[in-house]
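Each chain, letter by letter, is given below.
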Amino acid sequence: MDRSDLLHGQDTTTTSVGWYCDLGTWTDLICSMDKTPPPPQLTGTMRPTRSRLSLVLNKENSAALKESMRTLTSSLNKRMKGTPRKPSHTLAKKIKSEEIDALEETKLTSIAKRTKKNIPPLKEDSIKDEAIPQKSKKLPRRSLKAPSQKILQDIKIKQEPLLEDGESKPQRRRKVKVEDAPSKRIKTEEDEAMMVKSPSSFPWRDSKKYIGAHVSIAGGLENAVTNAVEIGARAFALFLTSQRTWSAKPLEPKTAERFKTACAAHGYPPHLIIPHGSYLLNCGSPNPEVLAKSRAKLTDELQRCEMLGLQLYNFHPGSTCGEIPVEQCVAKISESINLALEQTRSVTAVVENMSCQGHTIGGKFSQLRAIIDGVKDKSRVGVCIDTCHAFAAGYNLATKEGFHSMMEEFESVVGLQYLKALHINDSKGKLGCHLDRHENIGRGHIGKQGFTHLMQDPRFNNLPLILETPVGLSDAEEINILHGLE
């Protein structure tokens, strides 16, 4: 029986070699090194198992097995003394000198390829003279966790050129040191002051036309001021509350103070800021419930204007809804204004002309005059002309003659002293269409020529001229267009 028979688990009754199952390799190796005579013959039965071969010994062989194991253990301790323990399969390999030569030559060839240098293969004599390089200790695996920002800031990256035979090699591109990078500059009070913009710093600061737009209050009322500055507006309009709901939470004094501070910081006087009323308002409604809500809403928003330090409040007059005569509707509107003014002290109620669409009031200047006549305190009532509404109502602003004719009628019927603001909008509809459809400046039926007459008319100096145009051109672009028509 040979060794392969045992290793392949073939059944036999006698073994006469010096290996025992798993310890067979060790026994064979130790006996060959120390020239130790093999153990005595053992009788038994060999059978394969799942993971290894097992040897079932007879009782009479137990003493011989113990003696053999003591001999193997003693020999193994002598051979393994002073060396770290290794798995049995590594000790079983006998490394020959030819294998060492081939291994060293392979290592040197690999090094030569990396360094691009021609190193001749070592001969057998040179291997004996030179020590075989020891295996370096395995370094611990680096953590994959990214270094913190603080650690990165402490790193200083330096690269110096290497010298060879007194000469310097070509330098690589030097990495920027972390300590050389410009640090973030802390803003001072002077920097903050320089960042504050105001209408007086705009290119058209010398113009007497104060053009602006309706701006958003998202995030807080004070943000309307910032939004106006960003588009280069010298005046602006805003909603004080949601224009689609009747109820609104009370205005907090801190919010009002922030708004007034922002207006003062950016140079917006109160007479160039004109809030727009809710679209729900119908101060001439035939419905008692709607009329009561409209009057309460009008009063609330006038009181908000006072808290914000504003002087003007613009709103649509109302509608008959086809249920009551125009005269009765006009009287209700005047009475609503009187009730609101009685509960406030300084704000002016500014009614807007309409386009004669449906049953709305204010499309004709005579109706606006009738509303004013019904207001007791005429020093606190005014009118805002919307160019789109006027054009849709039949006033031809597109021509020079039509524009001057409209202004003459307004001055004679309403009175120029009541003109407090303008809404600057082109019209998608044609002249007299009665449609309230705003368009960007120069893209509608009024055209740039019609707005040229307006921009060159001194009667609109020092008034808030507010854009309410749809998305298309930006507010900043349209402000520039209008200033270019002066």
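Thresholds applied
Residues numbered from 1 in each chain as written. Predicted model: local features only at pLDDT ≥ 70, side-chain atom pairs only at ≥ 80, totals over all residues. Heavy atoms only, no water. Helix = DSSP H or I, 4+ residues; strand = E, 2+ residues; numbered from the N terminus. Buried < 20%, exposed > 50% of the residue type's maximum accessible area, 1.4 Å probe, protein only. Areas by Shrake-Rupley, 256 points an atom, 1.4 Å probe, with all protein chains shown as cover. Lys, Arg positive; Asp, Glu negative; His and termini not counted. Salt bridge = Lys/Arg side-chain N within 4 Å of Asp/Glu carboxyl O. Polar contact = N/O pair within 3.5 Å; in protein donor to acceptor, adjacent residues only side chain to side chain. Contact = heavy atoms within 4.5 Å. Pairing = 2+ DSSP bridges. Axes fitted to C-alpha atoms, helices over the stretch in contact; angles between N-to-C directions. pLDDT = per-residue confidence, 0-100. Core = buried A, V, L, I, M, F, W, Y, C linked by side-chain atoms within 4.5 Å.

Engineer: Quick one: what's the story with the overall build of the chain, residue by residue and with numbers?
Structural biologist: The number of helices and strands found in the chain is 17 helices and 14 strands. Out of the 486 residues in the chain, the part that is buried amounts to 39%. Summed over all atoms, the accessible surface of the chain reaches about 29,900 Å², with 52% contributed by carbon and sulfur.

Engineer: Before we move on, can you summarise the side chain of Arg380 with the specific residues and values?
Structural biologist: With respect to the helices and strands, Arg380 occurs in the loop between helix 13 (365-374) and strand 10 (381-386). Buried within the structure, Arg380 lacks any salt-bridge partner; Asp377 is the closest side chain of opposite charge, at an N-O distance of 4.4 Å. Side chain to side chain, Arg380 and Thr344 meet in a polar contact 2.7 Å long. A distance of 3.0 Å separates a polar atom in the side chain of Arg380 from the backbone oxygen of Val347. Arg380 has contacts with Leu341, Thr344, Arg345, Ser346, Val347, Thr348 and Ala349, leaving out every residue within four places of it along the chain.

Engineer: Residue-level account of the sheet that holds strand 8 (residues 312-315), with values.
Structural biologist: Pairing is parallel across the open sheet formed by seven strands, whose spatial order is 7-6-14-11-10-9-8. Looking at the sheet topology across the chains shown, the edges are occupied by strand 7 (235-237) and strand 8. The mean inter-strand angle of the sheet, taken between neighbouring strand axes irrespective of direction, is 30°.

Engineer: Mind laying out the confidence of the model for the chain, listing which residues take part and the relevant values?
Structural biologist: Put simply, the chain has an average pLDDT of 76, and 60% of its residues get 70 or more. Taken together, the stretch residues 40-57 has pLDDT below 50 and engages in 48 contacts with residues farther than four places along the chain or on a different chain. Counting contacts from residues 155-171, a segment whose pLDDT is below 50, to residues more than four positions away or on other chains yields 15 contacts.

Engineer: Describe unusual backbone geometry, naming the residues involved and giving the relevant values.
Structural biologist: Positive phi outside glycine occurs at Cys321, with the angle close to 60°. Along the polypeptide, Cys321 turns up in the loop between strand 8 and helix 12 (326-342). Even without a glycine there, the phi angle at His434 is positive, about 65°.

Engineer: Which residues make up the environment of Glu411, and what values go with them?
Structural biologist: With respect to the helices and strands, Glu411 occurs in helix 15 (residues 400-413). Here the alpha-carbon distance between Glu411 and Phe365, two residues 46 residues apart in the chain, equals 9.7 Å. When near neighbours in sequence (up to four residues on either side) are disregarded, Glu411 contacts Leu416 and Arg459.

Engineer: Account for the nonpolar core, naming residues and giving values.
Structural biologist: Within the largest apolar cluster, 77 residues are counted, with the highest numbers of intra-cluster contacts made by Phe236, Phe259, Phe315, Ile337, Leu422, Ile424 and Leu482. It is helix 12 that contributes the most residues to this core, six residues altogether. Residues contacting Ile337, with those up to four places away along its chain left out, are Leu298, Phe315, Ala349, Val351, Ile371 and Val375. Ala237, Ile274, Val350 and Cys384 belong to the second largest nonpolar core, which has nine residues in total.

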